[in-house]
Amino acid sequence: MTSPAGTAAPRSADAGPEAAHRPAAWVRTRLRATPLAALLTAVLALGTVFLAAAFPRLLDRTADQGLREFLRDRGPAATSILATADLRGDAKGLDDAAALLTAHTGATFRVAPGGPVYGSRTGKPRSLTNPGLARPEKADPVMDLLYVQGLRDHVTLADGSWPDAPTPGRPVQIAISRDVAETVRIHLGDILETASATSDEKAPQALVVGIVDVADQNDPYWTDLSCLNRACLNYTTGKEPAAYWRTAALVDGSALERVRTWQTGAQDFWRLPVDVDSLRADRLAATERDVASYLTGHTANTLANETRRPGLHMNSALPELFRQATERQEAAAPLAAIGPAGLAGVGMVVLCLAAALTGDRRAAELRLLQARGGSRSGVLLRLLGEGAVTVLPAAAVATALALWLLPTPRWGGAVLAASAVALFTLLALPLRAARLWARPRPGSGRRRVVVELAVLALTVTAVAEVRRRGVATAGEGADPLLVLAPLLLALTGGLLLARLQPLLVGALTRVAARRPGAVGFLGLTRAARGTGGRPGAAVLPLLALLLAVTTAGFGATVLGAVDTGRTRAARLSVGGDASVIVPVGVTVSSAFAAAAAELPGIRASAPVWADTEVFVLGGNGATRVFAVVADPAAYAEISRSLGRGAFDPAALSGGAGGPDAPVPALVSAELARQLGPAATHRLRLPNGAELLTATAGTIDATPALQGDGRLFVVLPAGPAVALAPELGRANLWLATGPVDEGALRSLVRERIASDTERGARVGSAGSADQGEALPTGYTVRTSAGVTAELADDPLQESAARLFWAAVLGAGALALLAVLLTLVRAAPERTALLARLRTMGLRPRQGLALILVETLPQTLVAAVGGGLVALAAVALLGPAFDLSILVGAQIARGLPIAVPPVLLPTLGLTALVAAGIVAEALIAGRRQIATELRAGDQR
């Protein structure tokens, strides 16, 4: 400091080093100067880092939940390991073997908390010959002997006593469940006689000493225990099967020798239920290897040696279930990853936009620091310190919240994603500032063209590679190229729209210039220049919205294709929208057909005679075919509605002119090729009668027959029944239209099924919701019911929920990008509107000016995103095989459909447009009023 004379100012004698001037801390000063900007930066970091950490956790939870529910739905028998060996030793030996078998689990899978279920059982049952026992069709009931460890924890003694040790020469003591006793009519104290296999054999006997009540019939403990808790209805083999009851009786652990002598093939068994809830999708491959080793590998050999049972045999359905689960995970992986990938793309754009707008706002400050001698590294380090104070605490809190709110064993991916986003957020502003300080170089337009061409080349390469090789095969994980291809297409579309938008808006500006009024012209002129006169920053919100719309449209198309394919597969499986199948010897009566046709929703219906025991007689011998006899008009309408084997009913007209007149017939293309050019052929029916037919045309498929490539014949009911009355006994009923399954079941019970039908009453799928079950052999199916069964897939449901959550997040970030741009341009726009207000601009016109300036970009991005989504479907669709997601085999590829793309496009557009209008209404008037009172201070 100098005096007015230019001499040095005197320093106080008391002044020490502490009195020297100390500059204020940069970071503290800057944060105090702009607290709102610092708070917004922290909030943006908190939201983006939380999303980055949350979605890997959601993906992990979705995969684990889908795997566990898939295995749980298969039942405890399928998810258990069954070990068997020849019956040997006593109950103590069974306990020791169970401990050894359990000890070798736990690495990647473990036994369920209920523990193993083990014991000894007879290999074959014995027939019970007591005259008073229940015999549904005069066939003797049969019974197994069984010892199960821990049985008394699952049953209670209702009457009598528990079985005791056997006494030589006396019947073996047994206990049976109350359900078995009541069904087979066995009483306490009965001595059950058995049939001898040979005349020299003394048939064993059993004394019923106890009746037990089962605590829970649905307890997994009873899985695969040979009809122990309830009697099972079985059927004998042969031409005329007869129903009989099969039961099992309990013996004491000291009676294992009696189990051995009851029948040949007695064995010890150990069922190890795998704890499904402990399995993890990321360890599925290792789990599969460990289970395979347990069944037939090194572990199996070790167990055989340790238990001293060389004949120990392991069996389980788990390897096949693991293979199916892997295929399902790989099929759902693209659907689950497309949404989060789009969200990540939009999030990066928003962070770049925030850094660009902040850099523009502080450009004058940074240039002043440069002019006053500030070094680039020093200023950038200070900017980095600002970001560290605001970003890092918010990122830590967001990561902790994601780990706490979404618990899952895996945390590495979430922490890595959160760290990457936090680092990107931290470096965005310093990198933007470094670019502001860089000297402008000539040829920047050429560099932009080079970058755009590089993006285009990368996009073309990705699309071509996906189309060439298809989706990654099962076991390779989610295909990153397939996930990134829609984003690359969206990026290319965004760059193209950024080039076209000024031209399109400029053309509209020239049109508006020729019309009266200045609002449209001014708004379009500002839109053509870029929001706030910043064309570079205006590209980023355009790209954010386009990424969100493209991701939503492409993913919605995949989901729509899955739903459409599932509905189509269900209709093909049913043969229409409803079908009724009756047992052999039962006829679909005309009264039922007439009443069913009157059910609400039925559009077309037909009773059908269908049989596989029909042969076409020709020069090459007899060819077995599937024969269908139905009313031509009704069956043609069903075929047309189903889109399977459509034909003109006039082709089956005629016939029945006499015994020698041929009946017109439609044959499959393959059968026509085998039969050759002959005009007529003879059909041999199941009863031995023959029918002369004439080929009236060929079709590729028919509703009554599932699958393609089969040999079949379709005959008209009228002339065929006139010549062979047997063909009028319809055994199938098909219909189209949304029929109520419960009403159809009730009609089947009333008009077809009778109380004299033999067999137990067993319901088909969905019968619990449809009232009383149908007798055995009757089947009622609807396409709606089959569709619901196919759609009951927790993995796909979770992937769909995750996708829509990502779409909503991407839409919110896209809206944030637009609002950030509007807020940054608000001061300049407010000043313009204030000046125009003094020139007579009305408030409504000011609002219209804001909308005309901002909405064109939104509309261009929405339309462009929808078009890019359709292009992505057309280009990438052939690589998709949705059969696993559908639950049935369907054609490969994605159909191009406008509605799945249109709905999310309109939704996101409406969301962004509403945000723009709200910002204009809330902030615009207040800022304009303030500007008018204070004047222009810039």
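What you see is a predicted model, and the numbers here were worked out from it, not measured in a lab.

Draft legend 1. Molecular detail of the overall build of the protein. Helices and strands together make up the secondary structure of the protein, namely 25 helices and 21 strands. Within the span of the protein, comprising 938 residues, buried residues form 48% of the whole. Looking at the protein as shown, the accessible area adds up to about 44,400 Å², and 59% of this sits on carbon and sulfur atoms.

Draft legend 2. Structural detail: the state of the cysteines. Counted according to the given criterion, the structure contains 1 disulfide. Between the sulfur atoms of Cys227 and its disulfide mate Cys232 the distance is 2.0 Å. Between Cys227 and Cys232 the disulfide shows an S-S torsion of about -115 degrees. By sign, it is left-handed.

Draft legend 3. The arrangement of unusual backbone geometry in detail. Located in the positive-phi region is Asp224, a residue other than glycine, with phi close to 60 degrees. Along the chain, the position of Asp224 falls in the loop between β8 (205-214) and β9 (232-235). Asp224 gets classed as partly exposed once you look at its relative accessible area, which sits at 44%. Residue Arg308 is not a glycine yet carries a positive backbone phi of 60 degrees.

Draft legend 4. Representation of the side chain of His681. Tracing the backbone shows His681 in strand β17 (residues 680-684). Overall, the relative accessible area of 8% leaves His681 in the buried class. Leave out the neighbours within four places in its chain, and His681 touches Val616, Leu617, Leu675, Leu691, Leu692, Thr693 and Thr695.

Draft legend 5. Fine view of the pairing of strand β20 (residues 732-736). Burial analysis of β20 places 5 of its 5 residues in the buried class, which makes it a mostly covered element. Both faces of β20 are covered, namely the face carrying Leu732, Leu734 and Thr736 and the face carrying Trp733 and Ala735. In this sheet, β20 lies alongside strand β13 (residues 578-581) in antiparallel orientation, the contact comprising 4 bridges. The partner of Ala578 across the bridge, within β20, is Ala735.

Draft legend 6. The side chain of Arg328, seen in detail. Looking at where Arg328 falls in the secondary structure, it is placed in helix α8 (residues 318-361). Assessed through its relative accessible area of 10%, Arg328 is described here as buried. When neighbours within four sequence positions are excluded, Arg328 is seen to be in contact with Gly66, Phe70, Asp793, Leu795 and Ile884.

Draft legend 7. Empty space enclosed by the protein, seen in detail. Per the counting criterion, the structure on display carries 5 cavities of 30 Å³ or more. Counted as a void, the second largest cavity has a volume near 50 Å³. Val616, Ala665, Val667, Leu671, Leu675, His681, Leu683, Thr693, Thr695 and Val713 together form the lining of the second largest cavity. Residues of the lining of the second largest cavity, tallied by class, amount to 7 nonpolar, 3 polar and no charged.

Draft legend 8. Structural view of α8. With 44 residues, α8 ought to run about 64 Å at 1.5 Å a step, and its terminal C-alpha atoms sit 62 Å apart, in line with that. A maximum bend of about 35 degrees is found in α8 at Ala332, where proline Pro334 lies one to four positions downstream. The buried fraction of α8 amounts to 33 of the 44 residues, a majority that puts the element mostly inside the structure.

Draft legend 9. Highlighting the nonpolar core. Counting 84 residues, the largest nonpolar core has Val346, Phe554 and Leu882 as the members making the most contacts within it. The contacts of Phe554, once residues within four sequence positions are left out, are Ile338, Pro486, Ala869, Ala872, Val873, Leu876 and Phe880. In this structure, Ala78, Ala206, Ile211 and Leu284 belong to the second largest nonpolar core, which totals 60 residues.

Draft legend 10. Structural view of the packing of aromatic side chains. Summed over all chains, the structure comprises 5 aromatic pairs. Judged by centre distance (5.7 Å) and plane angle (75 degrees), the rings of Phe592 and Trp733 are edge-to-face. Linking Phe592 in helix α16 (residues 590-597) with Trp733 in strand β20, this pair joins segments that are 141 residues apart in sequence. Residues Phe592 and Trp733 agree in their burial class; the two are buried. For the ring pair Tyr635 and Phe647, a centre distance of 6.3 Å and an interplane angle of 40 degrees mean the geometry is tilted. Linking Tyr635 in helix α17 (residues 632-642) with Phe647 in the loop between α17 and β16 (663-668), this pair joins segments that are 12 residues apart in sequence. No difference in accessibility class separates Tyr635 from Phe647, as the two residues are buried. Looking at Arg121, its charged tip hangs above the ring of Phe269, at a distance of 4.4 Å from the centre.

Draft legend 11. Layout of the packing of helix α2 (residues 35-74) against helix α10 (residues 376-405). Remark: α2 packs on α10, axes separated minimally by 8 Å, with the N-to-C direction vectors making an angle of 30 degrees. The way α2 lies across α10 gives a crossing that is right-handed. Along its contact with α2, which presents Ala38, Thr41, Ala42, Ala45, Leu46, Val49, Phe50, Ala53, Ala54 and Arg57, the element α10 presents Thr390, Val391, Ala394, Ala395, Val397, Ala398, Thr399, Leu401, Ala402, Leu403 and Leu405. Considered class by class, the residues forming the contact of α2 with α10 number 17 nonpolar, 3 polar and 1 charged.

Draft legend 12. Local environment of the packing of helix α6 (residues 284-296) against α8. The contact between α6 and α8 brings their axes to 10 Å, and the two run at 165 degrees. Looking at the two axes, α6 sits roughly antiparallel to α8. The two elements α6 and α8 meet at a crossing, and its hand is left-handed. Mapping the contact onto sequence places Leu284, Thr287, Glu288, Val291 and Leu295 in α6 and Leu318, Pro319, Phe322, Ala325, Thr326 and Gln329 in α8.

Draft legend 13. Inspection of the environment of Asp631 at higher detail. Tracing the backbone shows Asp631 in the loop between β15 (621-630) and α17. Classification of Asp631 as partly exposed rests on a relative accessible area of 39%. In this structure the C-alpha to C-alpha distance between Asp631 and Ser605, which are 26 residues apart in sequence, comes to 9.6 Å.

Draft legend 14. Focus on the pairing of strand β10 (residues 243-250). With 7 of its 8 residues buried, β10 lies for the most part within the structure. Looking at chain direction, strand β4 (residues 142-148) and β10 are connected through 5 bridges and run parallel. Residue pairing for β10: Met143 is matched across the bridge by Thr247. Of the pairings in the sheet, the one linking β9 to β10 comprises 4 bridges and is antiparallel in character. Counterpart to Leu233 in the pairing with β10 is Trp245.

Draft legend 15. Here's a closer look at a negative patch on the surface. The grouping of Asp73, Glu789, Asp792 and Glu797 at the surface amounts to a negative patch. Relative to the elements of secondary structure, Glu797 occurs in helix α22 (residues 794-838). Its relative accessible area of 35% is what places Glu797 among the partly exposed residues.

Draft legend 16. Looking closely at the environment of Gly150. Positionally, Gly150 belongs in the loop between β4 and β5 (155-160). For Gly150, a relative accessible area of 23% corresponds to the partly exposed category. Taking the C-alpha atoms as reference points, Gly150 and Tyr118, 32 residues apart in sequence, are found 8.7 Å from one another.

Draft legend 17. Main features of the pattern of salt bridges. Under the defined criterion, the tally for this structure stands at 23 salt bridges. As a salt-bridge pair, Asp96 and Lys92 come within 2.9 Å of each other at their nearest N and O atoms. Residue Asp96 and its partner Lys92 are located together in helix α3 (residues 91-103), separated by 4 residues, close to a single helical turn. Between Arg309 and Asp268 there is a salt bridge whose closest N-O contact spans 3.0 Å. Here Arg309, found in the loop between α7 (298-307) and β12 (313-315), pairs with Asp268, found in strand β11 (residues 267-273); they are 41 residues apart in sequence, far enough to count as distant. Classification of Arg309 by relative accessible area gives buried; the value is 6%. Asp268 gets classed as buried once you look at its relative accessible area, which sits at 0%. When salt bridges that share partners are traced, they join Asp60, Asp64, Arg280, Asp282 and Arg410 into one network.

Draft legend 18. Seen up close, the confidence of the model for the protein. Looking at the protein as a whole, the pLDDT averages 80, with 87% of positions reaching at least 70. Predicted confidence is poor over residues 1-20, with pLDDT under 50, and the contacts of this stretch with residues over four places away or in other chains come to 4 contacts.

Draft legend 19. Molecular detail of a nonpolar patch on the surface. Taken together, the side chains of Leu46, Val397, Leu401, Trp404 and Leu405 make up a nonpolar region of the molecular surface, amounting to roughly 490 Å² of accessible area. No other element matches α10, which puts 4 residues into the nonpolar patch. Take Leu401: it is sitting in helix α10.

Rules used in this analysis
Residues numbered from 1 in each chain as written. Predicted model: local features only at pLDDT ≥ 70, side-chain atom pairs only at ≥ 80, totals over all residues. Heavy atoms only, no water. Helix = DSSP H or I, 4+ residues; strand = E, 2+ residues; numbered from the N terminus. Buried < 20%, exposed > 50% of the residue type's maximum accessible area, 1.4 Å probe, protein only. Areas by Shrake-Rupley, 256 points an atom, 1.4 Å probe, with all protein chains shown as cover. Disulfide = S-S within 2.5 Å. Contact = heavy atoms within 4.5 Å. Pairing = 2+ DSSP bridges. 1 Å grid on protein atoms, 1.4 Å probe; cavity = no way out; pocket = protein on both sides within 12 Å on 5 of 7 lines; lining within 4 Å. Points joined across faces, edges and corners; volume = space filled by probe spheres on them. Nonpolar A, V, L, I, M, F, W, Y, C, P; charged D, E, K, R; others polar. Expected span 1.5 Å × (residues − 1). Bend = angle between axes of the 7 residues up to and from the residue. Core = buried A, V, L, I, M, F, W, Y, C linked by side-chain atoms within 4.5 Å. Phe/Tyr/Trp six-rings, centres within 6.5 Å; stacked < 30°, edge-to-face > 60°. Lys NZ or Arg CZ within 6 Å of the ring centre and 35° of its normal. Axes fitted to C-alpha atoms, helices over the stretch in contact; angles between N-to-C directions. Left-handed = near helix turned anticlockwise from the far one by under 90°. Parallel < 35°, antiparallel > 145°, perpendicular 65-115°, else oblique. Patch = residues over 30% accessible without salt bridge, like charges linked within 9 Å, V, L, I, M, F, W, Y side chains within 5 Å. Salt bridge = Lys/Arg side-chain N within 4 Å of Asp/Glu carboxyl O. Lys, Arg positive; Asp, Glu negative; His and termini not counted. Charge placed at Lys NZ, Arg CZ, Asp CG, Glu CD. pLDDT = per-residue confidence, 0-100.

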